[in-house]
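# Secondary and tertiary structure notes
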Amino acid sequence: MDRLLDSLDTADDLYFDSISRADSPTWSTGRIALLGDAACGATIGGMGTGTAILGAYVLAGELSRSPGDHRGAFRRYESLLRAYAQERQKGGDRTGRFLAPSSRLGLRLRNTALSRRRVLAWMLRTAKEGTTLALPDYPDRPANSTELAANRPSKPVNSV
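All values derive from a computational prediction rather than experimental measurement.

### So, the confidence of the model for the chain
- In this model, the chain carries an average pLDDT of 79, and 76% of its residues clear a pLDDT of 70 or more.
- Considering each helix and strand of the chain separately, the mean pLDDT is smallest for helix α7 (residues 145-151), with a value of 53, and largest for strand β2 (residues 32-33), with 95.
- In the model, residues 154-160 has pLDDT below 50 throughout and makes 8 contacts with residues more than four positions away in sequence or in other chains.

### Side note on helix α3 (residues 47-65)
- For α3, spanning 19 residues, the distance from its first C-alpha to its last is 27 Å, which sits close to the expected 27 Å at 1.5 Å a residue.
- Buried within α3 we find G48, T51, L54, G55, V58, L59, G61 and E62. Buried residues in α3, looked at end-on, bunch into an arc of 165°, giving them a common side. Among the exposed residues of α3, those pointing more than 90 degrees away from its buried face are T49 and I53.

### As for the pattern of salt bridges
- Applying the stated rule across the entire model yields 5 salt bridges.
- In this structure, R104 and D6 form a salt bridge, with 3.1 Å as the shortest nitrogen-oxygen distance. Placement of the pair is R104 in helix α5 (residues 104-114) and D6 in helix α1 (residues 2-7), with a sequence separation of 98 residues.
- The closest approach of N and O atoms between E62 and R65, which form a salt bridge, is 3.4 Å. Taken as a pair, E62 and R65 lie in helix α3 at a separation of 3 residues, close to a single helical turn.
- The class for E62 is buried, based on a relative accessible area of 1%.
- Taken together, the shared-partner salt bridges in this structure form one network comprising E62, R65 and R76.

Calculation criteria
Residues numbered from 1 in each chain as written. Predicted model: local features only at pLDDT ≥ 70, side-chain atom pairs only at ≥ 80, totals over all residues. Heavy atoms only, no water. pLDDT = per-residue confidence, 0-100. Helix = DSSP H or I, 4+ residues; strand = E, 2+ residues; numbered from the N terminus. Contact = heavy atoms within 4.5 Å. Expected span 1.5 Å × (residues − 1). Buried < 20%, exposed > 50% of the residue type's maximum accessible area, 1.4 Å probe, protein only. Arc of directions from axis to C-beta. Salt bridge = Lys/Arg side-chain N within 4 Å of Asp/Glu carboxyl O.

Dropping the structure here:
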């Protein structure tokens, strides 16, 4: 490891990337809604997948709850999830600085911490705290296509 770090000063072809995120002021426009990392790129610590699954559940539930009113469904979807997703993003901000330190000392501290069983157990416990979200209980989907057709708007909805 030391030899690798020492060679960075003289490397001709070194590539760096950043851990970054683009925050969208709104998760939908017109008939398009963002979901998962596209809406709220959560973290590099693994919360993105869970947030995407929750988002898919809520978005599908809100769309089924309001046939013909996708805009209202999109607003409720974002309203239900945004605060939760932003809390996950805060955790990701801290995780990024820890997993990609900017100094040799930071690398050594990270590697030492990750090699300690108690530290890993504490990190997992800490990550679980505050990761719950009260989800709406959406009714089961319609049983057949006749019921689906009955819930469709009678004329096309122009969303633009």
